[in-house]
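The residues making up each chain are set out below.
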Amino acid sequence: MTTLLYDGSFDGLFTAIFEVFEYRYKDVEIVSRERFHQENIFAEIHEVITQNEKTERVLNKLEKNIGKSGIHELLKVYLSEDSELEQLILSAVKQSIQHPTENILQNYADNDMLKISKICKSVSRERHRMTAFVRFEKMQDDVFFAKIDPDFNVLPLIRKHFKNRYQDQKWMIYDLRRNYGILYDLENCDFFYPDEKLDLNKYQQKFHDEETQYQTLWQRYFTKTNIVERKNLKLHIQHVPRRYWKYLTEKN
Amino acid sequence: MNFDRLKEKLEILADAAKYDVSCSSSGGSRKNKKGALGDSSASGICHTYTEDGRCVSLLKILLTNHCIYDCAYCVSRSSNDIKRAGFTVDEVVDLTINFYRRNYIEGLFLSSGIFKNADTTMERLVRVAKKLRLEENFNGYIHLKSIPGASDELMQEAALYADRLSINIEIPTESGLKLLAPEKNRQDMLNPMKYIQNGIAQYKDEKKIFRKVPKFAPAGQSTQMIVGATNENDLQIIKVADHFYKNFNLKRVYYSGYVPVLEDKRLPSLTTAVPMLRENRLYQSDWLMRFYGFKAEEILDPNMPFLDLEVDPKLSWALRHLHQFPINLQTADYQMILRIPGIGVKTAQKIVSARRFQVLTIEHLKKLGAAVNRAKYFIDFTAGNIHLRHLTDINLRKLLIGGSTSKFQNQFSQQLTLF
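Residues numbered from 1 in each chain as written. Chains lettered and ligands numbered in written order. Predicted model: local features only at pLDDT ≥ 70, side-chain atom pairs only at ≥ 80, totals over all residues. Heavy atoms only, no water.

1. Looking at helix α1 (residues 3-15) of chain B
The cut-off we apply is this: Strands here are runs of E lasting at least two residues and helices are runs of H or I lasting at least four, both read from the DSSP assignment and numbered beginning at the N terminus. What a helix is expected to span follows from its residue count: subtract one and scale by 1.5 Å. Throughout this description, buried means an accessible area under 20% of the type-specific maximum (1.4 Å probe, protein chains only), exposed means over 50%, and partly exposed covers the range between. Residue contacts are defined here by distance: any two heavy atoms, one from each residue, within 4.5 Å place the two residues in contact. Two N or O atoms form a polar contact when they lie within 3.5 Å of each other; inside protein one atom must be a possible hydrogen donor and the other a possible acceptor, and for residues adjacent in sequence the pair counts only when both atoms belong to side chains.
Here α1 of chain B contains 13 residues, and its C-alpha end-to-end distance of 18 Å stays within 8% of the 18 Å for a straight helix at 1.5 Å per residue. Within α1 of chain B the residues assigned to the buried category are Phe 3, Leu 6, Lys 9, Leu 10, Glu 11, Ile 12, Leu 13 and Ala 14 of chain B. Of the surrounding secondary structure, the elements contacted by the buried residues of α1 of chain B are α7 (211-224) of chain A together with β3 (58-62) and α2 (89-101) of chain B. Between the side-chain oxygen of the N-cap and the backbone nitrogen of Asp 4 of chain B there are 3.2 Å, and the N-cap of α1 of chain B in question is Asn 2 of chain B.

2. Considerations on the UniProt feature "domain: Radical SAM core" (unreviewed entry) in chain B
Selection criterion: UniProt positions are given in the numbering used here, feature names are shortened, and annotations may be inferred rather than shown by experiment.
Here, the residues flagged by UniProt with the feature "domain: Radical SAM core" (unreviewed entry) are residues 51-295 of chain B. Span residues 51-295 of chain B is 42% helix and 13% strand, its end C-alpha atoms 34 Å apart.

3. Describing the interface of chain B and chain A
Where interface size is given, it is often the accessible area lost as the parts come together that is meant. To keep things clear, this is the line we draw: When two parts are brought into contact, each loses some accessible area as probed by a 1.4 Å sphere; the total of that loss over both is the buried area. Salt bridges are defined as contacts in which a side-chain nitrogen from Lys or Arg sits within 4 Å of a carboxyl oxygen from Asp or Glu.
Facing the 60 residues of chain B at the interface are 56 residues of chain A. At the boundary of chain B with chain A, total buried surface from both sides reaches about 5300 Å², with 56% on carbon and sulfur atoms. Seen at the junction of chain B and chain A, the total is 7 salt bridges. A salt bridge links Glu 102 of chain A to Arg 356 of chain B, with the nearest nitrogen and oxygen atoms 3.0 Å apart. On inspection of chain B and its partner chain A, the count reaches 33 residue pairs in polar contact (both at pLDDT 80 or more).

4. Considerations on the sheet that holds strand β7 (residues 180-184) of chain A
All names here are of chain A. Selection rule: Pairing between strands requires that DSSP locate at least two bridges from one strand to the other. For helices, the fitted axis covers only the stretch in contact; all axes are lines through C-alpha atoms, and the angles between them, taken along N-to-C directions, range from 0 to 180 degrees.
Reading across the sheet, the 5 strands line up as β4-β5-β6-β7-β8 and stay open at both edges, with mixed pairing between neighbours. Edge positions in the open sheet fall to β4 (137-138) and β8 (189-192), since each of these has one partner strand only. Pairing of strand β6 (residues 170-175) with β7 involves 5 bridges; the strand directions are antiparallel. Of the residues in β7, the one forming a bridge with Tyr 174 is Gly 181. Across the face of the sheet, helix α5 (residues 155-165) comes into contact with β5 (143-148), β6, β7 and β8 while running at roughly 165° to β6.

5. Examining the domain arrangement of chain A
Residue and element names in this part refer to chain A. Applied cut-off: Boundaries between domains were set according to an automatic or database domain assignment.
Under the domain assignment, chain A is made up of domain 1 (2-126) and domain 2 (134-251). The gap between the C-alpha centroids of domain 1 and domain 2 is 33 Å. Of the residues lining the interface, 9 residues belong to domain 1; the matching set on domain 2 comes to 10 residues. Between domain 1 and domain 2 lies a buried interface of about 790 Å² when both sides are counted; carbon and sulfur atoms form 61% of it. Sorting the residues of domain 1 by area buried against domain 2 places Leu 79, Glu 81 and Glu 126 first, and these three jointly supply 70% of that buried surface. Where domain 1 meets domain 2, there are 2 salt bridges. Between Arg 178 and Glu 81 there is a salt bridge, with the nearest N and O atoms lying 2.9 Å from each other. Between domain 1 and domain 2 we count 6 residue pairs in polar contact (both at pLDDT 80 or more) in total. Elements that contribute at least two residues to the side of domain 1 that touches domain 2 include exactly α2 (52-79) and α4 (111-133).

6. Here we look at the side chain of Asn 107 of chain A
Relative to the assigned elements, Asn 107 of chain A resides in the loop between α3 (85-98) and α4. With relative accessibility at 7%, the residue Asn 107 of chain A sits in the buried group. Look past the residues within four positions of Asn 107 of chain A in its chain and what remains in contact with it is Met 113 of chain A together with Phe 357 and Gln 358 of chain B.

7. Here we look at the pairing of strand β4 (residues 107-111) of chain B
Residue and element names in this part refer to chain B. Selection criterion: Looking down the strands as they point away from the viewer, one classifies a crossover as right-handed if the path from the first strand across the helix to the second runs clockwise.
A large share of β4 lies buried, amounting to 5 of its 5 residues. Relative to β4, β3 is paired through 5 bridges, and the arrangement is parallel. Residue pairing for β4: Leu 59 is matched across the bridge by Leu 108. On the question of chirality, the crossover connecting β3 to the parallel β4 by way of α2 is right-handed. Where β4 lies against strand β5 (residues 141-145), 4 bridges are found, and the strand directions are parallel. Bridge pairing links Leu 110 to Leu 144 in β5. The handedness of the β4 to β5 crossover, carried by helix α3 (residues 118-135), is right-handed.

See the structure below:
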């Protein structure tokens, strides 16, 4: 058994996968350094140093076999932060090399591929919800600020959506759980990684004068557009799970 | 801006617009121009859901609830004693933009009571859309409710600025409409619809020749009818929907179970329950027609004019066509797999993908997301299927009903006690 330790990045993971083939390892596990606890004392440790050209070679080969959309699915598995993500992606790459003419990800009868498809579905669902449930609040400095706390790391998947949508206003989306965000300043739209946790209380006190007015209007609209005779809370909660409520203006 | 007054108007005019079923923001794509606001994609986004479980993707309001008509089923009817209000064009524009900027909505759904006459009202609706597009550079979604009887010129302009247009045909049958809305007539509704349909066809032709043609109602048209206010049957309703899909190329037909809000001897009494289950079955039938390749005549026929409330329309069809089953998953074509009860579009696609790699079993089917408790009676696996012995059983229907729980169970409990 060989344990490959990588730096936790997407590129690092694919470098590690390259080396599995390079060194012809049979029995391997790939673990990110952050999550590594040595349990299997007989395992041999192999430290992976991220190398872009190795990553590129795997990705190029994969793109030929499973297409851009296939790689996008593997990216979603990576962003899911699932404990099995390395093993699943490795399994997909191995199978794809074995069957280069088929899109192996569509073999839903295989357990690993089915798991990948399920993870992709969950990640996509949350990605979609984050395009829906982000609520911007206008600040005194004219920045529209939103905080999120998704189960999966979907911020990289929604950047383009918001970038296309809001080009004439400054905005920021901040992931509270992972402590990073996206900032658009009318010119650039980049990720930022603050050294310290954002002090929300301090930030929230600086609402733009009209902000609470529009929040009230939205809350009143939300109440009034409901048909009381058709009340169906079960359905409501199915669509808007409770864990999102604390960030939804209409629910507060 | 006077926020208190605006809030009061919003409360009145959102409340009055809530019976319009459509809130969809799908079907139109409008790319953002450099530096402007808004971008809509074909799939649309529901930004929240009301407590009745319906999606909110648009700011759905009336421009005004003043109305010269007196339609029996409508809360805004002229003889109803309610608070009246009206937005200015600027107020609607301001609300739309500010809600959109905060990511509350995908755009605007604007309808209106009819004040003065059809054209005056329509002109005002068009002005809102025009201002949003031309002055605010807004590329979000706009759905305008066309006013029956509006002139071709106004419809032309509306289609240039809105993504979707719709006219509610209100009541499925003409006789029903005569009874409940004597001042309205079907032809006034169909003419603008026909005009837009021709315009869309013409746009598509021109688009083949010229690269830049101004968008013309890119998300198409929809309509809506009230179910259960008059005594039409489901067969009539499905036929009407089918007619609109085929002859008017409508994107959607919506069904709205009548919510009794007014006392009127022509209408069901105020204590009548909203026909939620019937509405649900109609939507299921609508899906069968649009995504599953079913024809209207296959879903219902004159001998069976109402949808089965105990089982969904696809299962009901299967039970009436047992001779077409069992279906072999390995060899059957996609269209036939779609007809197996308990298998939806996604699962059917996955089956067709996965069977290229290996022979499928009932365990695979479960994992692919099929409702196996229903599907298992209708499928022949290569390795055989013990459940098939029930296929010819006269009790298959009972077996199926017993094997599933419905969210509407309490609604047909009355019927079940008969047995």
